[in-house]
Every structure is written in C-alpha cells, then in structure tokens.
Amino acid sequence: MESMRERFTATASQLLDEDPRVAVVLAVISSDRFTEAKKAHPDRVIDVGIREQLLIGVSGGLALAGLRPIAHTFASFLVERPFEQVKLDLDHQGVGAVLVSAGGSYDMASGGRTHQAPGDIALLDTLDGWTVHVPGHPDEAEALLRHAVADGDSRVYIRLSEQANRAALPVRPEGFQRLRSGAGGVVVAVGPLLDATLEAVEGLDVTVLYASTVRPFDAPTLRAEVRNAARSDVVLVEPYLAGTSVPYVAEALCDVPHRVLGVGTGREELRRYGTWQEHVAAHGLDAAGLRKRLAGFLR
Amino acid sequence: MTDNREYADLDGLMSLMTGDEKHGPAATSTLDVLWVLYDRVLRVSPHTVADPDRDRFLLSKGHGPMAYYAVLARKGFVPRAWLSGFGTFDSPLGFHPDRTLVPGVEIGSGSLGHGLPLAVGTALGLKARGSGANTWVLVGDAELDEGSNHEAVAYAGAVGLAGLNVVVVDNRSARYGRPGRLEAGFANEGWSTAHVDGRDHEALFAAFTAPHPDRPHAVVAHVERKTD
C-alpha cells in the first residue's frame, strides 16, 4: 500500500499547483520527492539543508509575508529540536503554518531513539491554538492535509506514520466519530491504532470512538458517550506517549466521577532496534497487548 | 535628507520611557542605525503598515527597545502618549516588542537568534510573491553567537537572497569577539559586506544603499563598546 508519506508528497505537489500561497519548506528529508515540483515552483519549494531551526524560522517568515507554509521533516527534527522556533516563530508571531511529520514514534525503529518522537504532541500541548491531526490511512492524510492548508492561517500539525488501518474513514476535523456502541465504557482509538483497537474489543460491550483529529479534543462527544454508557470508564489508545490526552479527558469529565486509562508508548527507552511492528508489540499496542490492558481495566 | 530637528527629538522621547534626561551609549547603541533606516531607507510609513509590498524591518535584538519605540513614535507609527507607560501591565510597549500589540513592529523578539531566520523566510516569501520589497533585520554582535543565525547566514548566502539585508550593531559585547570576525563570517558565506561607524549618518546611508544585486548584504555598524 502507498504510505502516508508518499501520499503527502504527491498531495503537497498538487497543492503547489493549485494554490499560489502554498510553499513547501524542507530540510533535505523527502526533498527528492519534490524534484518535479521544485522545477515548476522554484520559489515555493524551499530546501534549507540540514538546518531545522531555519526550517521553522523560514516558515514563520513566509507566513509573515502572506504565504501558507507546509514544513516537513521527521517528527523529532520538526517539533522537538526546533521547539523554541515553533513557540516563538509561529505562535508568538501570531502566524500559521502546517507542520507535517514523518516517522512518528517508531517508524524508523532500526534507527533507534534519535529518530523516535513519541513526545511530539505532548510538547505541542504546552502551546495554544494547535490543531493536531493523526490520520489512520493515506486517504485520511490527504483529506486532512487539504483541509489544513485551506483552514485560514491556522497552526496545524499532521502526524504521519507507516502504520495504517486497512480502510480509510471519512475525516471529521471537527470531532470524534462513533464506530460502535456499548454500555461498559468508552474507548477512543487514535489514527493508525484503530484496527488493533477494534480487534482488541471484540466481544466487549464498549463504545468505540475514532479520532483522526485529537486537537481540539472533542470533549462534547466524549461527555455525551460517557453519559450514555453504564460505566464512566474511558480508555485512550494513542500511538504516541501514553496519557498524552488524559488531561483533556479529565477536563471534559471534570464534574463526572470517572476512571481513565491512557494507553500509548511507554516513557522508558526501549533501546531496541528492529521493525516498527516489533515496537508496536513491545509497547503493548498490538491487538493482543491492547486486549490485555483493556480487559483488565474495563472489568 | 535627515531632519536634524526630528533626530534631536529622539532623546526626549526616550526620556519619557527611561526617566533619564540624557542617555549613554548603552541605551542608544541602535539609535542612529534605526534613525537612518526609518528616515531615509525603508519604504514604509504609518499608512502602509499593512501594505503587502512595504519594506520590512525586523528588530531581532529586542533588548533595550527604547530607541526603537522613540523612532516609531517620532515617525508616527505609535502615539507619543504610549511611551510613558513603557513596560507596565496596560502598555503595549514592553521591554521586548510584540508585533501583535504595536503598529509597525514586524516581529516579536527578545529571545536572541530568531529575527534573522524569520527575515530569511520573509525575504523568500516576498520574492515568491513577486514583490520588490526589501527585508531588513537588526542584530547585535553578541546575538550572532546563537547557532540559529549561522543556519540563516549560510543558507541565505548560498541561494543569493538579494532581498535580505542585515545590520549588525557591534558594541563588542560578544564573549569571544575578534576584530573583523563578523564581516569575515558573512563574506565567507558569499554575502556583500560593509563596515561603518554606527554613529555616522552619511556613512550608514551609503552602506545601506550599496547595490548587491545577486547576494544578501550585511552592514556591520561599530558603536561604543558596551560597558555595563
């Protein structure tokens, strides 16, 4: 199957043709996939070299000059390394950009810790006004990218991954979608972990919500589903740092006695190489691992 | 030409912020550079602060912005009445400027090393839009120690970003400065460079308006050594 990253570069190239405000800013990573686009739009495909502070600084400057920048590299170098640039060159200037990361938590498992960014969304949560999309399928990645670029001068983060669900769902940037209903609790599955989550809850009487957009966090839908369930038990299944969205659940349910379990990647460094599939399993995020965690928590 | 009466007003405007009658070099290291830019070089006025094709001036060295605010007030970008509230809770004028609060201020600054990379992006954006506007950024000599600037200087030189202009106000405050080091750094990355007396208005004007059709331009403006 075509990867989300491949779909991203193809879609961004089309957006350069369609919208004269769009600029793509790169730091070598994926640059070879924009060779044709660079020929057609030499001023709007900008590769700054291995300079990630500049990647974000240039994006902020382009936005100040009236363009709609799409900045892209691996998550660790897009959000973590230049985090002060994200905070100051975008947020503090009051300008927008679309940041599109590849690699996520463990796509380049054989590359080790330096190429893993499970804390990217937790970091962005320290800032105000970011929309965060975590697509679960290349079709969703394309739809969310198109939505983000057209979404005024907003600040948007799109987190692409190698892991994907078998089938795409329609994207709903405004909120979560209910895939099944049950009385024993509410499970929120984020992006590429949907297939494994659905397999894990087979036979369990629970509601499953799907989120390909996690910020803003759809508190109204979560509240409504928790009120409909017999148990106010919530499980978050996120393909990044475990518990990243737990504060948002607590806020949504601040006046409702509830239990919450945040499932995701562990804080501890695995110090293992191998494949992303092995890392998914090692973090307990495959169907069997999720089944164990969910069944234990939901009772 | 510089109106000396206007320039002479600046010290009084700064006094509204500092309470001091006269200002020493440390408080005014940027004053003459700012004045010559706003008086004679930048194509921007209070009526064109939202014009997409205005020249951009980015104050990267956001510390000690009294001279900047005084120039903006003298040129009519901000009301003089704002100056006396400098740094207070209800004032839009802080110890570091905020572009969302002050008309004519192009960037919020304070953390060193952000203005030059933002200026690179601004110059690239203006070029992509086919605008002939110029982008100017003021940095301090010590500020250039921040690594983010090195990313920006190397890239802008490599791609010949002619719309970009840097003025370095050099009060020799960098921890490990050496004479000539700043100019050599820019020249080594393919920039056009000039170094001038940062108090000499004619010399500054000549350096600011030197042609550099195929490369970015850096002007190192020497002022009195920082003593505090």
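Residues numbered from 1 in each chain as written. Chains lettered and ligands numbered in written order. Predicted model: local features only at pLDDT ≥ 70, side-chain atom pairs only at ≥ 80, totals over all residues.

Asks: Could you clarify how one ought to interpret the overall build of chain A in this entry?
Replies: When you go through chain A residue by residue, the secondary structure sums to twelve helices and twelve strands. Taken over C-alpha atoms, the radius of gyration comes to 19 Å for chain A, in line with the 19 Å a tight globule of 299 residues would show. For chain A, the spread of C-alpha atoms along the three principal axes comes to 60 × 40 × 30 Å. Out of the 299 residues belonging to chain A, those deemed buried represent 55%. The contacts in chain A between residues at least 6 apart in sequence include a share of 72% that link residues at least 24 apart. (Helix = DSSP H or I, 4+ residues; strand = E, 2+ residues; numbered from the N terminus. Rg over C-alpha atoms; globule rule 2.2 N^0.38 Å. Buried ≥ 20, exposed ≤ 12 C-beta atoms within 10 Å, placed from the backbone. Contact = placed C-beta atoms within 7 Å.)

Asks: How should the confidence of the model for chain B be read in this particular structure?
Replies: In low-pLDDT segments, the atomic positions of the prediction should not be examined closely. Considering every residue of chain B, the mean pLDDT works out to 95; 98% of them sit at 70 or more. Note on the complex model: pTM 0.97, ipTM 0.97. (pLDDT = per-residue confidence, 0-100.)

Asks: Explanation requested: the UniProt feature "domain: Transketolase-like pyrimidine-binding" (unreviewed entry) in chain A in the structure shown.
Replies: As annotated by UniProt and renumbered to match this structure, "domain: Transketolase-like pyrimidine-binding" (unreviewed entry) occupies residues 2-167 of chain A. Taken end to end, residues 2-167 of chain A is 41% helix and 18% strand, and its two terminal C-alpha atoms sit 12 Å from one another. (UniProt positions renumbered as here; feature names shortened; annotations may be inferred.)

Asks: Would you mind showing me how to read the environment of Arg-56 of chain B here?
Replies: Residue and element names in this part refer to chain B. Here Arg-56 lies in strand S1 (residues 56-59). Its 25 C-beta neighbours within 10 Å are what place Arg-56 among the buried residues. When the C-alpha positions of Arg-56 and Gly-104 are compared, they lie 9.1 Å apart, and in sequence the two are 48 residues distant.

Asks: Help me understand the packing of helix H1 (residues 4-18) of chain A against helix H7 (residues 138-150) of chain A, please; the structure alone is not making it clear to me.
Replies: Helix-helix packing: each pair is described by the crossing angle between the helix axes and the interaxial distance. All names here are of chain A. In the contact formed by H1 and H7, the axes pass within 9 Å of each other and the chain directions differ by 35°. Where H1 crosses over H7, the two elements pack in a sense that is right-handed. For the pair H1 and H7, contact is made by Met-4, Arg-7, Phe-8, Thr-11, Ala-12 and Leu-15 and by Pro-138, Ala-141, Glu-142, Leu-145, Arg-146 and Val-149, respectively. Split into classes, the residues belonging to the contact of H1 with H7 amount to eight nonpolar, one polar and three charged. (Axes fitted to C-alpha atoms, helices over the stretch in contact; angles between N-to-C directions. Left-handed = near helix turned anticlockwise from the far one by under 90°. Nonpolar A, V, L, I, M, F, W, Y, C, P; charged D, E, K, R; others polar.)

Asks: What is the right way to read the environment of Arg-178 of chain A from this model?
Replies: Residue and element names in this part refer to chain A. Looking at the secondary structure, you find Arg-178 in strand S7 (residues 177-180). Under the C-beta neighbour-count criterion, Arg-178 is labelled partly exposed, with 14 such atoms within 10 Å. Beyond its immediate chain neighbours, meaning those up to four positions away, Arg-178 contacts Thr-207, Leu-209 and Glu-225.

Asks: Looking at this model, I keep getting lost on the interface of chain A and chain B. Mind explaining?
Replies: Each partner contributes residues to the interface: chain A has 25 residues there, and chain B has 24 residues. Counting only elements with at least two residues in the side of chain A that touches chain B, the list comes to helix H3 (52-64) and helix H5 (83-92) of chain A. Among the elements that take part in the side of chain A that touches chain B, H3 of chain A stands out by supplying nine residues, more than any other. Of the residues that constitute the side of chain A that touches chain B, the class distribution is ten nonpolar, ten polar and five charged.

Asks: Please clarify how the sheet that holds strand S2 (residues 135-140) of chain B should be interpreted in this entry.
Replies: For sheets, the rule is that strands pair by backbone hydrogen bonds, running either parallel or antiparallel. Residue and element names in this part refer to chain B. Strand order in the open sheet made by the five strands is S1-S2-S3-S5-S4, with parallel pairing throughout. The sheet is open, and its two borders are formed by S1 and strand S4 (192-197), each paired with just one other strand. Averaged over all neighbouring strand pairs, the angle between strand axes comes to 20°, with direction disregarded. As paired elements, S2 and strand S3 (residues 164-170) share six bridges and run parallel to each other. Paired with Leu-138 across the two strands is Val-167, which belongs to S3. The strands that helix H7 (residues 201-208) touches are S4 and strand S5 (217-222); relative to S4, the one it contacts most, it runs at about 175°. (Pairing = 2+ DSSP bridges.)

Asks: It is not clear to me how H1 of chain A should be interpreted in this structure. Could you clarify?
Replies: Along an α-helix, residues three or four apart share an orientation, since each turn contains 3.6 residues. All names here are of chain A. With 15 residues, H1 should cover 21 Å at 1.5 Å per step; its first-to-last C-alpha distance of 20 Å lies within 8% of that length. Taken together, the buried positions of H1 are Met-4, Arg-5, Arg-7, Phe-8, Thr-9, Thr-11, Ala-12, Ser-13, Leu-15 and Leu-16. Where the residues of H1 are buried, they touch strand S1 (22-26), helix H2 (35-40), strand S2 (45-47), strand S3 (68-74), strand S4 (97-102) and H7. (Expected span 1.5 Å × (residues − 1).)

Asks: Is there a simple way to think about the domain arrangement of chain A in this case?
Replies: How big an interface is tends to be reported as the loss of accessible area on association of its parts. Residues and elements named next belong to chain A. Each assigned domain of chain A is listed here: domain 1 (4-159) and domain 2 (177-298). Between domain 1 and domain 2, the contact holds 23 residues from the first and 21 residues from the second. When contributions to the side of domain 1 that touches domain 2 are tallied by element, the ones reaching two or more residues are helix H6 (120-124), strand S5 (130-133) and H7. Examining the composition of the side of domain 1 that touches domain 2, we find that four residues originate from one element, S5, more than from any other. Its residues placed into classes, the side of domain 1 that touches domain 2 shows ten nonpolar, eight polar and five charged. (Domains from an automatic or database assignment.)

Asks: So what exactly am I meant to see when it comes to the UniProt feature "domain: Transketolase N-terminal" (unreviewed entry) in chain B here?
Replies: Within this numbering scheme, the UniProt entry marks residues 23-209 of chain B as carrying the feature "domain: Transketolase N-terminal" (unreviewed entry). Taken end to end, residues 23-209 of chain B is 33% helix and 12% strand, and its first and last C-alpha atoms sit 29 Å apart.

Asks: Quick question: what am I supposed to make of the sheet that holds S3 of chain A here?
Replies: Residues and elements named next belong to chain A. What the seven strands build is an open sheet, ordered S2-S1-S3-S4-S6-S5-S10; its pairing is mixed. Each edge of the sheet is formed by a strand with only one pairing partner; in this case those strands are S2 and strand S10 (213-215). Within this sheet the neighbouring strands show an average axis-to-axis angle of 20°, counted without direction. Packed onto the sheet, H1 meets S1, S2, S3 and S4 and runs at close to 140° relative to S1.

Asks: Help me out: how do you make sense of unusual backbone geometry in this one?
Replies: Peptide bonds are trans in most cases, and residues, glycine excluded, mostly fall at negative phi. With an omega of -5°, the peptide bond running from Arg-215 of chain A to Pro-216 of chain A counts as cis. Within the secondary structure, Pro-216 of chain A sits in the loop between S10 and helix H9 (219-228). Look at Ser-30 of chain A: it is not a glycine, yet its phi comes out positive at around 70°. As for its placement among the helices and strands, Ser-30 of chain A is situated in the loop between S1 and H2. With 20 C-beta atoms packed within 10 Å, Ser-30 of chain A lands in the buried category. One non-glycine residue, Arg-172 of chain B, lies in the positive phi region at around 50°. As for its position among the elements, Arg-172 of chain B is in the loop between S3 and helix H6 (181-188).

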